[in-house]
Amino acid sequence: MAVNTMAPRTRPRPPVRPDRGAPRRMPKLKTVIVAAAAYVISFLFLFPYVVMLLTSLRSQDSLREVSFWPEEWVWSNLTNFWTSGLAGNLWVTLKVAAGSTVLVLLVALPAAYYSARHRFRGRTAFLILVLITQMFQPTAMLVGIYREFFQFGLVDSIWSLILVNGGFNLAFAVWILNAYFASIPRELEEAAFIDGNGRFGALFRITLPLALPGVITALIFTFIAAWNEFVVALTLTTTPENQPLTVALNSFIGQYQVDWQNLFAGSVIATIPVIILFALIERKVVGGLTAGSIK
């Protein structure tokens, strides 16, 4: 007679659900303090934007009112932006920011990848030189920048703004991408070589997808820096049609009077695209900033 030596199957136990009637545990004092401090800091950062939005919805006569909320909501201040000709300046800003971002990625990606994967002679000096260029500000070099672009006939051109913004944001992108490429193991690329991929195949199929958070971080910071740039654009552009929005909004500031409601309305509209872009890729930006911090 055969004996069944197999152990009887046991049914998996259902997950234990928390008792809804049980009293909830109070958060720790440290958690409450950190959360309260976070809310206070967030309020301090958001309060100027709230004031800007409310001022953009006031009428000219109600700008000196003491009340925080406007008594009369003038929504036409936001719609007048599109009829005042500033929509063209917004399009110029978009082209400058997008062009600068593409230029930075095209140069920074191969430079960061090569410096992260190869220990060539002068590598440390190259990285230090890249870091030193980040210390120079465009304001201190305005005269030289203007003379250089004047000799090449690029004054009052969108291409001059793309080149300047791309050049001054290149160092940050190289450092971010270098740290991220260095955090990706070489063994993954070597496994791709064994599978028949070449250097470019391993780069585009393995390394770049893994380095996507770093790429997006460099993208968003370059885009925001080029979007908000003012001094160089004010110096290199003269005709209103070729000026980005940051310079065009300066026309609301007169010698004796400032058109505050229209100035703030244009500022609100100029801020919305950046907020939307950052909100969509915020998680990738956090991952890119922390790249290389944990080995």
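Residues numbered from 1 in each chain as written. Predicted model: local features only at pLDDT ≥ 70, side-chain atom pairs only at ≥ 80, totals over all residues. Heavy atoms only, no water.

> Explanation requested: the nonpolar core in the structure shown.
Across soluble globular proteins, you tend to see nonpolar side chains buried next to one another. Among the nonpolar cores identified, the biggest contains 19 residues, and Ala108, Leu109, Leu177 and Phe181 are the most heavily contacted of them. In contact with alanine 108, not counting residues within four places along its chain, are Leu170, Ala173, Val174 and Leu177. Within the second largest apolar cluster, 15 residues are counted, among which are Leu90, Ala226, Leu249 and Ala270. (Core = buried A, V, L, I, M, F, W, Y, C linked by side-chain atoms within 4.5 Å. Buried < 20%, exposed > 50% of the residue type's maximum accessible area, 1.4 Å probe, protein only. Contact = heavy atoms within 4.5 Å.)

> Any chance you could explain the packing of aromatic side chains here in plain terms?
The geometry of an aromatic ring pair comes down to the distance between the two centres and the angle between the two planes. What the rule picks out here adds up to seven aromatic pairs. Geometrically, the ring pair formed by tyrosine 113 and phenylalanine 181 is edge-to-face, given 5.5 Å between the ring centres and 85° between the ring planes. Taken together, the residues tyrosine 113 in helix α3 (residues 86–117) and phenylalanine 181 in helix α6 (residues 158–183) connect sequence positions 68 residues apart. Look at tyrosine 113 and you get buried, because its relative accessible area is 9%. When its relative accessible area of 1% is taken as the criterion, phenylalanine 181 is described as buried. Relative to phenylalanine 221, the ring of phenylalanine 172 has its centre 5.1 Å away and its plane inclined at 45°; by these criteria the two rings are tilted. In this pair, phenylalanine 172 is assigned in helix α6 and phenylalanine 221 in helix α9 (residues 212–228), connecting sequence segments 49 residues apart. A relative accessible area of 27% means that phenylalanine 172 is categorised as partly exposed. With a relative accessible area of 35%, phenylalanine 221 lands in the partly exposed category. The structure contains a cluster of three or more aromatic residues connected by ring pairs, namely Trp69, Trp73 and Trp75. (Phe/Tyr/Trp six-rings, centres within 6.5 Å; stacked < 30°, edge-to-face > 60°. Helix = DSSP H or I, 4+ residues; strand = E, 2+ residues; numbered from the N terminus.)

> I keep staring at the environment of threonine 133 and nothing clicks. Help me out?
As for its placement among the helices and strands, threonine 133 is situated in helix α4 (residues 123–133). Judged by its relative accessible area of 38%, threonine 133 falls in the partly exposed class. In this structure the C-alpha to C-alpha distance between threonine 133 and glycine 167, which are 34 residues apart in sequence, comes to 9.3 Å.

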